[in-house]
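Reading the structure
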Amino acid sequence: MNSTFSPPYEVLTSEKLGRYVVAKRDLRAGETIFSDEPFVLGPNSESTLVCFNCYLPLLSKFVVCKNCAVAPVCPGEGCPDYLHKKWHTERECNFFKSVKLLNGLHPMTMVQNVGSLLALRAFMKRTVDTQAWQEFMQLETHLQERRGTSIWEFSKNTVRFIQSLSVIDDIPDDDLIQRICAAIDVNSFEVRGPPVPSIGCAEVLRGVYLKAALLAHDCVANTHMAINDNNTLVCHASVDIKKGEPIYYNYTDPLKGTSIRQQNLMIGKYFKCSCDRCSDATEMGTFMSSLMCAECNTGYVSRNSPEEWTCNNCKKAFPDPTIVNRIKCCMDKFDVLNKTDTKELEEYIRNVSLILSPNHYLLMDAKQRLAGVLRDTINREPRPTKKLIKRKLDLCKELLPVLETLCPGISRTKAITLYELHAAIVQLAKKMFDGRDLTGPAYLDELTSAEKYLKRSLEMLFIEPGNSPEGELCAKALEEYRALKVTMSNILDAIHTEGKSYVCAVESNGSDKSK
Ligand SMILES: C[S@@+](CC[C@H](N)C(=O)[O-])C[C@H]1O[C@@H](n2cnc3c(N)ncnc32)[C@H](O)[C@@H]1O
């Protein structure tokens, strides 16, 4: 590495955020801010059993490591060669071996405590990499807030397990292990484990990344994180970031409403978010947590204070419990829906549209799922109907503006929605052209608009790691882009052969100029 390399960010401290990261110079959207290796990576407490060496799920059977006779690992030929990193290190193996010899550690005890492996591996780092260990120990833990709560009680399983492994007099005290558990909970990222070949299923792991852990949260982030198949995390600017501006990551789901996001942040990260989006009852004009006004049937009712919701049109005020009950009703209905059934989803969307604002997060969720089910049906059926494709197209168009507002710049969800929108436009236009419902120039207009969406999707997908689902979508999208250009050029040739000229009616953003 260049010895004069200076990172484009610096770490500052404030009373509100603790340590946080700011841009040391202007950063462009798409620019890499840093990459980061995991300090520790492993299964989370809800994971099913995974191989301790490569993290492939151990679906039906496993063997134990030949050396330590404790760690569950892949059976048969062992871990696949393409999974380069081996996480069951020689040091860990020898540690397990000595615990087995001296304390009789049984492999099934290890299997039953797989949820404690991450904390154990973090604990073992203290003598291997003292500098990283010190940085890990400086991470925010909210230990005092956790003390005496259910998570503290739950973590006692890990405390007992790690203490039971101590073969010498170096038994870590309860607080140290609680601290490790807390640092993992407050600072870890979800990491997709390697997929089982041909089945595709993968376990969700957790990783602590010491640089990324310093980023503060905002419900509208200005970064995009991607974790590649070597588990390296790469942080990109998702929008332009000015020198001195904080670099934010969104710790929660941007497609949830304010009360759910705040609840998740309070439970998992122990703070009340006061970002611009959380402070705005309209959620940046999306009205994502609002209801249709039952008084004027026109305005949107948003929470303006903890006790009261108000209509932005007729100004009628509603007490909090009335509105909360209505939302709960819609939520309960959503929970029992068969989310793979188009009819049930359509009926739900129809019914709750009378109660919830058009972009309400429950409606957004239902629409996203419906678009997914329609995509699968369209891709499966030899001759999907125009109605089906048109419905998917409309859903993508409804989702897109909300994503543009809440996930500005580079966003994975937006890239997928743009790709699906392009696919629907191409499929529908082809069907209509083949059925003589579209002229050559009109067909070309449609494909030109699809091309714009596809290009924008590709710009975002390019930064996704190669063998992630998004990386695979990127490769597919690139092929489709090339094929689309060939089709467009053929149509243009046909128009010219007929002695006609073609003037494109599509704006650079993909919309129709004539409308
Ligand atoms: C992943 S850590 C970030 C680094 C941390 N500030 C530190 O000093 O180690 C998450 C913690 O940072 C603080 N934090 C991050 N974003 C915040 C925000 N928007 N408002 C208030 N506190 C925030 C909270 O204490 C949260 O639990």
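Bear in mind that the values here come from a model prediction, so they are computed numbers and not experimental data.

So, about the overall build of the protein chain. Along its length, the protein chain carries 15 helices and 16 strands. Rg of the C-alpha trace for the protein chain: 26 Å, near the compact-globule value of 24 Å for 515 residues, within the 12% margin. Split into buried and exposed, the 515 residues of the protein chain put 35% on the buried side. Put simply, of all contacts in the protein chain between residues at least 6 apart along the chain, 62% involve residues at least 24 apart.

Taken together, 18 residues are adjacent to the ligand, and G18, R19, E140, A216 and H217 come closest. Those elements that provide at least two residues to the shell around the ligand are β2 (18–23), α7 (174–187) and β9 (216–217). A total of three residues in the shell around the ligand trace back to one element, the largest contributor, which is β2. Here the shell around the ligand is built from residues that sort into 10 nonpolar, four polar and four charged. When we break the shell around the ligand down by domain, the ones giving at least three residues each are domain 1 (9–37 + 209–249) and domain 2 (40–204).

Turning next to helix α13 (residues 412–434). End to end, α13 covers 33 Å across 23 residues, agreeing with the expected 33 Å (1.5 Å per residue, within 8%). Burial analysis of α13 places 17 of its 23 residues in the buried class, the great majority of the element.

We now examine the sheet that holds strand β4 (residues 40–43). What the three strands build is an open sheet, ordered β4-β8-β7; its pairing is antiparallel. Looking at the sheet topology across the chains shown, the edges are occupied by β4 and β7 (188–192). Across this sheet, the average inter-strand angle for adjacent strands is 30 degrees, counted without regard to direction. Of the strand pairs in this sheet, β7 and strand β8 (residues 204–208) are connected by five bridges, and their pairing is antiparallel. Paired with E190 across the strands is R206, a residue of β8.

Phi is positive for F287, close to 55 degrees, though the residue is something other than glycine. As for its placement among the helices and strands, F287 is situated in the loop between α8 (258–269) and β13 (291–292).

To continue, consider the sheet that holds strand β10 (residues 223–227). Taken together, the three strands give an open sheet; going across it, the order is β3-β11-β10, and neighbouring strands pair in antiparallel fashion. Single-partner strands in this sheet number two, and they are β3 (32–36) and β10. When the angles between neighbouring strand axes are averaged without regard to direction, this sheet yields 15 degrees. Sheet topology note: the β10/strand β11 (residues 233–237) ladder contains five bridges and is antiparallel. Note that in β11 the partner of T223 across the bridge is A237.

What follows deals with the nonpolar core. Ranked by internal contacts, the top residues of the largest apolar core, which has 114 residues, are C51, A119, I184, L215, I247, A424 and I425. Here this core takes 11 residues from α13, the largest share from any one element. In contact with L215, other than residues within four places in its own chain, are V21, T223, I247, Y248 and Y249.

Position of R179 relative to the elements: it lies in helix α7. By C-beta crowding, R179 is classed as buried, having 21 other C-beta atoms within 10 Å. In sequence terms R179 and H142 are 37 residues apart; their C-alpha atoms lie 8.8 Å from each other. Once residues lying within four places of it in the same chain are set aside, the contact partners of R179 are T141 and L143.

On to the confidence of the model for the protein chain. Mean pLDDT over the protein chain: 93, with 97% of residues reaching 70 or higher. Scoring the predicted complex yields pTM 0.92 and, for the interface, ipTM 0.99.

Glancing now at the environment of E92. Within the fold, E92 resides in helix α1 (residues 90–103). You can call E92 buried: it has 21 C-beta atoms within 10 Å. Along the backbone, E92 and S60 are 32 residues apart, and their C-alpha atoms lie at a distance of 24 Å.

Another point: the packing of helix α14 (residues 440–461) against helix α15 (residues 469–497). Running from amino to carboxyl end, α14 crosses α15 at an angle of 155 degrees, the nearest separation of the two axes being 9 Å. When the axes of α14 and α15 are compared, the pair comes out roughly antiparallel. Between α14 and α15 lies a crossing of left-handed hand. Taken together, the residues of the contact of α14 with α15 break down into 19 nonpolar, three polar and three charged.

The rules behind these values
Residues numbered from 1 in each chain as written. Predicted model: local features only at pLDDT ≥ 70, side-chain atom pairs only at ≥ 80, totals over all residues. Helix = DSSP H or I, 4+ residues; strand = E, 2+ residues; numbered from the N terminus. Rg over C-alpha atoms; globule rule 2.2 N^0.38 Å. Buried ≥ 20, exposed ≤ 12 C-beta atoms within 10 Å, placed from the backbone. Contact = placed C-beta atoms within 7 Å. Near = placed C-beta within 6 Å. Nonpolar A, V, L, I, M, F, W, Y, C, P; charged D, E, K, R; others polar. Domains from an automatic or database assignment. Expected span 1.5 Å × (residues − 1). Pairing = 2+ DSSP bridges. Axes fitted to C-alpha atoms, helices over the stretch in contact; angles between N-to-C directions. Core = buried A, V, L, I, M, F, W, Y, C linked by C-beta atoms within 7 Å. pLDDT = per-residue confidence, 0-100. Parallel < 35°, antiparallel > 145°, perpendicular 65-115°, else oblique. Left-handed = near helix turned anticlockwise from the far one by under 90°.

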